[in-house]
Amino acid sequence: PAEITAVQSTPEPCRSHAFVTLWTRKESFVKATGEGLARPLDDFDVSAANEGVGRPRDAQGELPFVFADFDAPDGFVGAVTVFDTIPGAEWRATP
């Protein structure tokens, strides 16, 4: 899967941060759907992000949600996921 490749291709000093970032995005998504850990974490992918914003994907394609990483204090990672009610909207991070 793309997530495993993304983590394994990250240079060693940053690999654990890459893993925690993906895990945090996954946790954010399953909380947003209301399914929690009842949904298998290998059922969807959150590795594709442009500047920290992306759409979860499953075997059928993009899901109607948007996730975004956000700045957190050193040693922490943050992500939020929202249901995308605006078809075709382009989401992006702003400084």
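Residues numbered from 1 in each chain as written. Predicted model: local features only at pLDDT ≥ 70, side-chain atom pairs only at ≥ 80, totals over all residues. Heavy atoms only, no water.

Peer 1: So what exactly am I meant to see when it comes to the pattern of salt bridges here?
Peer 2: A pair can form between side chains of opposite charge whenever their charged atoms are brought close. Scanning the model with the defined rule gives 9 salt bridges in all. Its salt-bridge partner being E12, residue R15 comes within 3.0 Å of it at the nearest N-O pair. Of the two residues, R15 and E12 both sit in helix 2 (residues 12-33), 3 residues apart, roughly one turn of that helix. Given the relative accessible area of 54%, E12 is considered exposed. Several salt bridges converge on common partners, so that one network encompasses R55, R57, E62 and D84. (Salt bridge = Lys/Arg side-chain N within 4 Å of Asp/Glu carboxyl O. Helix = DSSP H or I, 4+ residues; strand = E, 2+ residues; numbered from the N terminus. Buried < 20%, exposed > 50% of the residue type's maximum accessible area, 1.4 Å probe, protein only.)

Peer 1: I keep staring at helix 2 and nothing clicks. Help me out?
Peer 2: Each turn of an α-helix holds 3.6 residues, which means side chains three or four residues apart point in the same direction. Helix length check: helix 2 (22 residues) gives 32 Å between terminal C-alpha atoms against 32 Å at 1.5 Å per residue, within 8%. Within helix 2, burial applies to A18, T21, L22, T24, R25, K26, S28, F29 and V30. (Expected span 1.5 Å × (residues − 1).)

Peer 1: Help me understand the nonpolar core, please; the structure alone is not making it clear to me.
Peer 2: Generally speaking, soluble globular proteins have nonpolar side chains that are buried together. Among the nonpolar cores identified, the biggest contains 9 residues, and these are V7, L22, F29, V30, F44, V46, L63, F65 and F67. Secondary structure elements with two or more residues in this core: helix 2 and strand 4 (65-70). Examining the composition of this core, we find that 3 residues originate from one element, helix 2, more than from any other. Among all residues touching F29, those that are not within four sequence positions of it are R39, F44, P56, L63, F65 and T81. (Core = buried A, V, L, I, M, F, W, Y, C linked by side-chain atoms within 4.5 Å. Contact = heavy atoms within 4.5 Å.)

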